[in-house]
Every structure is written in C-alpha cells, then in structure tokens.
Amino acid sequence: MMLVGTENATAKTAASGECGEILKPRTDKRDYRRIVLKNSLEVLLISDPETDKCAASMNVSVGSFSDPQGLEGLAHFLEHMLFYASQKYPEEDSYSKNITEHGGSTNAYTSSEDTNYHFDINTDSFDEALDRFAQFFIQPLMSTDATMREIKAVDSEHQKNLLSDSWRMGQLQKQLSREDHPYHRFNTGNMDTLHVRPQANGVDTRSELIKFYDEHYSANIMHLVVYGKENLDKTQGLVEELFQGIRNTNQGIPRFPGQPCTLDHLQVLVKAVPIMQGHELSVSWPVTPSIYHYEEAPCRYLGDLIGHEGEGSLFHALKILGWATGLYAGEADWSMEYSFFNVSIDLTDAGHEHMQDILGLLFKHIKVLQQSGVSQWIFDELSAICEAEFHYQGKIDPISYAVDISSNMTIYPTKHWLVGSSLPSKFNPAIVQKVLDELSPNNVRIFWESNKFEGQTDKVEPWYNTAYSLEKITKFTIQEWVQSAPDVNLLLPTPNVFIPTDFSLKDFKDKDIFPVLLRKTSYSRLWYKPDKKFFKPKAYVKMDFNCPLAVSSPDAAVLSDIFVWLLVDYLNEYAYYAQTAGLDYGLSLSDNGFELSLAGFNHKLRILLEAVIQKIANFEVKPDRFSVIKIWPWTEELDALSHLEAEDLAKFVPMLLSRTFVECYIAGNVEKEEAKSMVKHIEDVLFTNRKPICRPLFPSQFLTNRVTELGTGKKYFYHQEGSNSSDENSALVHYIQVHQDEFSMNSKLQLFELIAKQAMFHQLRTIEQLGYITSLSLSNESGVYGVQFIIQSSDKGPGHIDSRVESLLKDLESKFYNMSDEEFKSNVTTLIDMKLEKDKNLDEESWFYWAEIQAGTLKFNRIDAEVAALRELKKDELIDFLDKYIRLDAPNKKSLSICVYGNQHLKEMANDKDKIPSTSIEIEDIVCFRKSQPLYGSLKL
C-alpha cells in the first residue's frame, strides 16, 4: 500500500508528539493532511479552495556542508543544474518556461544543511508543473554543455556578492573558525572551485555532480509541501502518482557534530575594512542552540531584551550618547549542533571612537539581565504577542508559505509544522539563564568594521578579499571596559500598553466594494474602505502630508529628510512598544512632503496615531540629535548638507508645515465614524486649534509629478563610470517608454512582457550567460508605462549587452508573428488569471488602492477594466502595437540605454560612445536633458 500514514489537521491543540494533530491559526480555514509515501517521502498537503495560485516546495536535507573537499559550492551548483531538463521533459529550460507562461515563478536556495526547491503557478496548470517539478528528484538530465554554462552562472552569482558587506563579513566569520569544520568553508562556489581547480587535479565536475546527487538525494530525507486548490483526497492522489518514483536509498541526514569555534577562535577582536562607508560592531557568542528549547525561546527572550529600544534600554543609552543609529540582537547562524547569538550595532563616527565604552555598556547590560533574573511577566508578554500574531496572521503567497513549512518539517514535530518557533509557551527560567550565562567575556568574538581601518590591516580573507586584522583580548580587558564605561542607568522595559486584547470584528452593512470618499475639507480628504474580505482585527492607515515647500530647493529637500528622520528618532522609544506588539508604523518622505503609515491590530492604533500627530505638532529641534542624523547615512558629496545647521531646521519646519493638505486612506476593521474621528483629530491638532500650525493649500500649490517624455522614434544613450572603482560588475538598463495610462494599451504591454520574459531569460541568461541578474519588467512612473531590461555582468560590457538586447528584440519579432492563435489565447488566459489573483491580506489590497489615490488615477476598477480589454484583444492588434512601439525599428519607439561601466570594461566606454549611430542621441548632462524635453501631463488633477 502506497500510503503509510494519514493525519487530518484541525484547529485543536489536544494531541502532541510526532503523530499529533497539526496546530493551525484559529482564523485559518485551509485543510491540512500529513502523508508518507511508500518511498518514505513525508508530505504535507494543503487545500485552499480560495487560492488563485498553487505551489509546492521540496526541502532536501543536504546542503553546502556536504560539499566534497576541493569542490566548494557543489551542492549549490547541483541546485542550479536540476532546473535544466529531465528524461521525461528533455527540452532545456522547459520547466521554467512552462511555469512562466502560466503566471508562475520558480526559485531555489542552498543553505548549510538544506536545499529547497519551490514554485507557484496558476491553478489550472498545476498538475503538469508538479509533474515537471517531481522529475527534478526522479531522473534529471545534467548535460555536459549545460554544466559549463551553469558554472558560469554560479560564478556570476558569486561576482554579484563580492561587493556585499553581508556576504564578506559572513565569510570572514567562517574563515576564523575550525578548518576541519564545514562551517569554515566557502559554500557558494565559483569558477575556480567548480572548474579550474578540479580540472587541474584531474577531477571531472559533472561526474562528481552526478555522484553527489546519487549519494544524497534520497526520498527519506526529503520533505514536500503541496499547496493546492482541490480537496485533500484529489491532491493526495496526484502526489502519490507523481512522487512515488523518487528513489529511497535510506540515507541518513548528514550531521556535523562539534562546535565551529575552539578557544583559539574566541576572545578575539577582528578589525575589517568594508565596502560601504560607515562603521559596524558585531558581537557574537557560541550558545546552546535554541531549537532544542523552541517553546521556551531563550534566544528570542534575550534578543527582545538586549535589542529593546525603549527608555532605559542599551540602544536608548547609545542613541542619547550619539554613538549608535541601530542595534539588533538575537540568534543568528545556527544548526542542530551549534548556534551563535549576535548583537550588531550601527555606529556613528563618534561611536566608532568609543567602541570600548560601547562594549563596556553591552556587557554591563548583560550583567543587569543576569542579576535581575528571568521575569515571568516579560515572558508572558512575549507569549501573548506571539499568540496574537500567529492566530490572526494574514495569508501570504502560497509559495512563501510552502517554503516556510517544508523547512520546518525537517526540524519540528508534526504538531508544530505551521508554528515552528513562533509560539513561545513554556516559561523555564533555567533554560533562559543558561543561554544568558553563555554571553560572557570568555567566549566572545568581536567583529569591528570601518573604512578607517584601511591600510591598518595585515590579513586578507581568501574568497572575498576582505582586509582584516586579528588580536586576542582577555576577559580582564573587557572588565576594564565595563568599569570605564559611562555611568548609565540600564533598565528592564516597562509593561507594553500596546498589546491588543480586543479582537472583535465590526459588523459592516455597507455594500461598497471600492474605497469611497468619506470626507473632504480644505484641510484633508478621507478615502475609506471597511474590511469585508479578510475578517481580521486589523487596520491599515495611510496619510500623505502634501507640503509644497518640501521640494522647493535642494536645501529644502535635505531639511525635509532630516525632519522625517528626527520625527522617527524622537518617537522611537514610544513607538517601539507598538511595533513589538504587532502595530507597525512608518514615516518617510513622499513625492511632495512626507507620509505616515500605520498597519496592524486596530485595537490600540488610535493611541499611536495621536502620539505621532502630537509629536509633529510639538516638533522641536534637539541640536545633539540633529548632528547625529546629519552625519549618517548621508554621502559626503552632498553639498546642500554641509552648510545646514540645527537652527536652519528649526526655522524650516514651521514653514514646511505652514501650508499642508492631508490625503488619507483608512481601511480594515474600522467603522466609518472612527475613521472620520481620526482625521478630525488631525485637523483639530494641526489646523483648527487656537494657534494653528498648518493652513490649507492654495489651488496652485497642489504639486504633481510629471515624467520626461522621450522623443518619438529616438534612441538615447547615457554612459557612466561605476561609482565604485573596485567593482568588476557592469550594468545596463535598456528602457522603452511607451504610453500614458490607458487600459487597452496597458494590457498589450503586459502581454508583451509576459511572453517576452521567458525568452529573454533563456537567451541572455541561460544560453549567452551574460549575467546572473537578468530581468525584464514593466515600468510605471506616475502613470507613464514602459518596459525595462536590466542586466548586470562581470563578463561583458554594457555596449555588448545592449547590442544583445536589440538582437533579442529582433528575434522576438518572429516569435510574435509566428504565434498560433491557440498560443495567443493561452497567454491571454494566463495574464487574465494573474490579474484576477485575489489579494491575500489587507496590506496587499490597501497597497493597490493607495497607489491609485497617490497617482490621482482613482481607477479602483482597474483590474476588471484591463481584463475586459484583454478579453477583446485580437492577435493582430497586439502585433500592430509591437510594430508601432516595441519592434527594433518601430516608428513610434522611444528608448534609453543607461550603460554603467565596472573596472573590467571601463576602457570600452569611449569606443562604445564612438559607435553610437548618428540617428541616436548621447545624453551628456542629465539636468540639461530633462530641461530640454517636454513632460507628460499629470494624471493627478
């Protein structure tokens, strides 16, 4: 019999253990079932009748730690190779092509101990896609010619990472560990490790690749999640049919016992030179892996306390001293055998000079936690917050959900496959105290990054060429730092008033399916949409403060930015409590002012909104905070910033706010009168009190964004040297500007992008291997539509890449001209399915409506209208559209190629410029060019 065991999930939590019921959120209506095939493949089936996309994720319990010696990156390379073809589906790249043509996406990742493959697709194409996916693990074809091409792709991916500080520092931490532990290795692979060295040693990489697959890819160490629209029985039958062919060779999951760091690798201070400007301090300790105590959550508990940002916290102290702009704490790199607890601190220039004081305060804070003991009430708050988040979580993409669960299946008992570590529920002070005691000076590793160390280092990490130096430090040194640190009163957090307790849903009677204009005055406008779809106790609020002075000059733009930074800075200690309780907020610059967003549980949202508005009304410039914000993270070249002082901002803000209009959108579990009351409160505080801070805008002050119009039939070029002289990567953006927002035209352009996308990826990425980053996407700037090709390459220069894009456009002509009526209809159906995909949560729905409000288009029925246009579209009409706007020599074509040259190709720039046809235009000065061109009319009237 094929089926070994079946479990139907319910929302109950009665059973426990490996064969218990699957715990799911109270609001989750999906059905779940665990099955085990006769080949020992363990599967979770998910049935969601409401879904528009189906998805699958296969987690294989083998990763880069299993790379053979001398073939670093082989597991990652194998992940790439499985995408190519299989014995059943031998056409190269047909798997990716099939998925893309049916509205889906596909990807994979390789970690230390796992490799995860996943895809999603429109529901009516799921069965075939799942069959193609299953063949990865049954009979893949790893052809000789594909092998060399994909080694180049892996190398290109590595080239992309060379200038990423996170990759560089991650590898440096690995470098400074036990050489006989797989943690020490380079795990992504490159041309050297996968071709040059093996070839020199007489090793055939392809043979090793097949050997690795045969040895490790066994059904009994795989975990599959299948997310479908059909009922569980039907999906189960499909899975049994498609996946039973995976071999089971009864492999054990590879284990790598022992700690990566011995005493030689502890009590060290490492100084490293980053690529980016700035300074960062990362403090790391090997600790007991939390995975064995995930319900007690020791690292989550300690991460929340050490990383807290309220008054009395370590970060608050460092911020007031002007030494830090960010602090993050928690468990980082971990496996079943080892774990590291990390504290990362973004330093200011002054903080860099006070590194010893900062470390002294960190250890002082840890000592406070050790002495105060583990608090029941703090754990209970953490538990309450996590429980609310879990039980009232919104849906996410099926593909992301499947990936999360398939990786959980290798670690957690069945009961907690959906939960993972997200529900701390067992208070155990001893377990938390044990990890807390491990955060000692005896086993600390300190990594200190700064460009100021340039020329002061004596070592180089071999894979990323990171310059660094290493010195040993003793616990006595750290004790001295603690004793000499500033006398700061570090405290535990206070109880969190933002934790929601009211999860009741409002009873809405309205019949409106789109946002309605609920209220309009000379001060504000309120768009409102109650939630009648997601049924969660959550709300979404957007408020755009339109202040024309914000963009009136370079000085004004910089001062507006600092104003927003300081608002966030002043609110941080208070709003941090809201954010930890599931109520996110953000302040950011908008096109013509600044924007406030609030999203999350509606119960306490009004309290946070009023606090933010009060802070705006009572804004004052604190010179010490101004100076900290002014030096970070601005670039040194920003002339406008150099002469600005605190008093300039103090004078500017009242003028900035003096003329304002507030555009509002309120959606979710909020009644009409509540929404009106929120906006009325803003008006009362800012506009209509005894001494009003704001006055209404004059009609002429309603500014709108307008886009530069390229000349019809013209091709423009802009050539630029890369800003980092050591960067070998070059890049091209090939942009085709087409039209201003119109439903029928939009649909034709979207259809072109859908059909051309896979052909572009196959030709330029798979066949020609121009670069790892190779994309074709739609562009929509303030309602002006176009398409853009983006390619980054360390192999070829932008001039060559641009010629290949033009060659591809030529090839695409015949693809479209020769398309059968059946193929055309199939693509139209796919695009319609994609467009009709329902929003999964309140945030997604709100992003769409807010974009319409911000653009001024207010086409809330856009989806239905564009789908209607697609249903009427004829193939000849699409061809006419392409002939007019997209084809290489189209009469109405407007294109711009932006060529950025890395150091490998810089010598080609002058020659590329000389080759520009006389009919094309070279842009020498962007400002002058923009001034000389006409503008599209604004859609925001």
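Everything quoted here is computed from the prediction, not taken from an experiment.

## Description of the sheet that holds strand β13 (residues 339-347)
Overall, mixed pairing links the seven strands, which are arranged β12-β13-β11-β14-β10-β16-β15 in an open sheet. Each having just a single partner strand, β12 (324-334) and β15 (459-460) make up the two edges of the open sheet. Alignment of strand β11 (residues 279-286) against strand β14 (residues 445-450), held across six bridges, turns out to be antiparallel. Along β14, the bridge assignment pairs Glu280 with Glu449. Packed on one face of the sheet, helix α12 (residues 355-372) meets β10 (268-272), β11, β13 and β14 and runs near 35° to β11.

## Thoughts on a negative patch on the surface
A cluster of like negative charges, contributed by Glu872, Asp876, Glu877 and Asp880, occupies part of the molecular surface. Among the elements that take part in the negative patch, helix α28 (residues 875-885) stands out by supplying three residues, more than any other. Turning to its location among the elements, Glu872 is positioned in helix α27 (residues 862-872). Classification of Glu872 by relative accessible area gives exposed; the value is 56%.

## Things to note about the sheet that holds strand β19 (residues 538-546)
The strand order across the open sheet formed by six strands is β17-β18-β22-β19-β21-β20, and the pairing between neighbours is mixed. With partners counted over all chains shown, the strands left at the sheet margins are β17 (516-520) and β20 (583-590), one partner each. When strand polarity is set aside, the average angle formed by the axes of neighbouring strands in this sheet is 15°. When strand β18 (residues 524-530) meets strand β22 (residues 661-668), the two strands line up parallel, connected through seven bridges. If you follow Ser524 over to β22, its bridge partner there is Val662. Set on the sheet, helix α26 (residues 842-855) makes contact with β18, β19, β21 (593-601) and β22; between it and β22 the angle comes to about 155°.

## Topic: the state of the cysteines
Tallied over the full model, the rule gives zero disulfides. The thiol of Cys386 is not disulfide-bonded; the next cysteine sulfur, from Cys299, is found 14 Å away.

## Topic: the packing of aromatic side chains
Enumeration over the complete set of coordinates arrives at 44 aromatic pairs. Both rings, one in Phe186 and one in Trp463, keep their centres 4.3 Å apart while their planes meet at 15°; by these two values the pair is stacked. Here Phe186 is found in the loop between α5 (165-175) and α6 (191-200), whereas its partner Trp463 is found in the loop between β15 and β16 (467-472), with 277 residues between them in sequence. For Phe186, a relative accessible area of 2% gives the class buried.

## Brief notes about the pattern of salt bridges
For the structure on display, the rule yields 58 salt bridges. In this structure, Lys509 and Asp507 form a salt bridge, with 2.7 Å as the shortest nitrogen-oxygen distance. Judged by its relative accessible area of 63%, Lys509 falls in the exposed class. With a relative accessible area of 56%, Asp507 lands in the exposed category. Ionic pairing is found between Lys835 and Glu866, a salt bridge with its closest N-O pair at 2.7 Å. Of the two residues, Lys835 is situated in helix α25 (residues 821-835) and Glu866 in helix α27; the sequence distance between them amounts to 31 residues.

## Thoughts on the nonpolar core
The biggest cluster of nonpolar side chains holds 64 residues, and the ones touching the most others in it are Met543, Phe545, Leu596, Leu649 and Leu686. In terms of residue count, the dominant contributor to this core is helix α17 (residues 554-580) (13 residues). Ignoring any residue separated from it by four or fewer positions in sequence, one finds Phe545 in contact with Asn592, Gly593, Phe594, Leu596, Ile613, Ile616, Thr660, Phe661, Val662 and Leu686. Listed in part, the 53 residues of the second largest apolar core include Leu369, Val435, Leu439 and Ile446.

## Observations concerning helix α1 (residues 74-81)
Most of α1 is tucked away: eight of the eight residues are buried. Regarding α1, the residues found buried are Leu74, Ala75, His76, Phe77, Leu78, Glu79, His80 and Met81. Those residues of α1 that are buried are in contact with β6 (105-110), β7 (115-122), α4 (144-161), α6, α7 (205-216) and α23 (743-767).

## Remarks on unusual backbone geometry
Even without being a glycine, Asn250 presents a positive backbone phi close to 50°. Checked against the element boundaries, Asn250 lands in the loop between α8 (232-243) and β10. On the basis of relative accessibility, which here comes to 61%, the residue Asn250 falls in the exposed class. Phi angles above zero are rare outside glycine, and Ala297 is one such case at about 50°. Note that Ala297 resides in the loop between β11 and α9 (298-306). Relative accessible area serves as the criterion here: at 5%, Ala297 is assigned to the buried category.

## Notes on the packing of α23 against α25
One way to put it is that α23 packs onto α25 with a least axis distance of 10 Å and a crossing angle of 110°. Considering the angle they form, α23 stands roughly perpendicular to α25. Contact residues: α23 offers Ser747, Gln750, Leu751, Leu754 and Ile755, while α25 offers Phe824, Asn827, Val828, Thr830, Leu831, Met834 and Lys835. Residue composition of the contact of α23 with α25, by class: seven nonpolar, four polar and one charged.

## A look at the pairing of β22
The buried count for β22 comes to eight of eight residues, which makes it a mostly enclosed element. Sheet analysis places β19 next to β22, joined by eight bridges and oriented antiparallel. Its bridge partner lying in β22, Tyr540 is registered against Ala667.

## Let's talk about the side chain of Glu295
As for its position among the elements, Glu295 is in the loop between β11 and α9. Taking the relative accessible area as the measure of exposure, Glu295 reaches 18% and is therefore buried. Beyond its immediate chain neighbours, meaning those up to four positions away, Glu295 contacts Phe379, His416, Pro424, Ser425 and Lys426.

## Observations regarding the confidence of the model for the protein chain
For the protein chain, per-residue confidence averages 93 on the pLDDT scale, and 97% of positions sit at 70 or higher. With pLDDT under 50 throughout, residues 1-19 is counted as low confidence; its partners more than four residues away or in other chains account for 50 contacts.

## Looking at the packing of helix α18 (residues 605-617) against helix α22 (residues 672-686)
Closest axis-to-axis distance for the α18/α22 pair is 10 Å, and the angle between their directions is 15°. Compared by their axis directions, α18 and α22 come out roughly parallel. Between α18 and α22 lies a crossing of right-handed hand. Contact with α18, carried on its side by Leu605, Arg606, Leu609, Glu610, Ile613, Gln614, Ile616 and Ala617, involves Glu674, Ser677, Met678, His681, Ile682, Val685 and Leu686 of α22 and no other residues of that element. Residue composition of the contact of α18 with α22, grouped by class: nine nonpolar, three polar and three charged.

## A word on helix α14 (residues 398-409)
With twelve residues, α14 extends 16 Å from end C-alpha to end C-alpha; this agrees with the ideal 16 Å at 1.5 Å per step. Burial analysis of α14 places ten of its twelve residues in the buried class, which makes it a mostly covered element. Looking only at α14, the buried set comprises Pro398, Ile399, Tyr401, Ala402, Val403, Ile405, Ser406, Ser407, Asn408 and Met409. Residues of α14 that are buried make contact with β2 (31-36), β3 (42-47), β4 (53-60), β6, β7 and β9 (222-228).

The rules behind each value
Residues numbered from 1 in each chain as written. Predicted model: local features only at pLDDT ≥ 70, side-chain atom pairs only at ≥ 80, totals over all residues. Heavy atoms only, no water. Pairing = 2+ DSSP bridges. Helix = DSSP H or I, 4+ residues; strand = E, 2+ residues; numbered from the N terminus. Contact = heavy atoms within 4.5 Å. Axes fitted to C-alpha atoms, helices over the stretch in contact; angles between N-to-C directions. Patch = residues over 30% accessible without salt bridge, like charges linked within 9 Å, V, L, I, M, F, W, Y side chains within 5 Å. Areas by Shrake-Rupley, 256 points an atom, 1.4 Å probe, with all protein chains shown as cover. Salt bridge = Lys/Arg side-chain N within 4 Å of Asp/Glu carboxyl O. Lys, Arg positive; Asp, Glu negative; His and termini not counted. Charge placed at Lys NZ, Arg CZ, Asp CG, Glu CD. Buried < 20%, exposed > 50% of the residue type's maximum accessible area, 1.4 Å probe, protein only. Disulfide = S-S within 2.5 Å. Phe/Tyr/Trp six-rings, centres within 6.5 Å; stacked < 30°, edge-to-face > 60°. Core = buried A, V, L, I, M, F, W, Y, C linked by side-chain atoms within 4.5 Å. Parallel < 35°, antiparallel > 145°, perpendicular 65-115°, else oblique. Nonpolar A, V, L, I, M, F, W, Y, C, P; charged D, E, K, R; others polar. pLDDT = per-residue confidence, 0-100. Left-handed = near helix turned anticlockwise from the far one by under 90°. Expected span 1.5 Å × (residues − 1).

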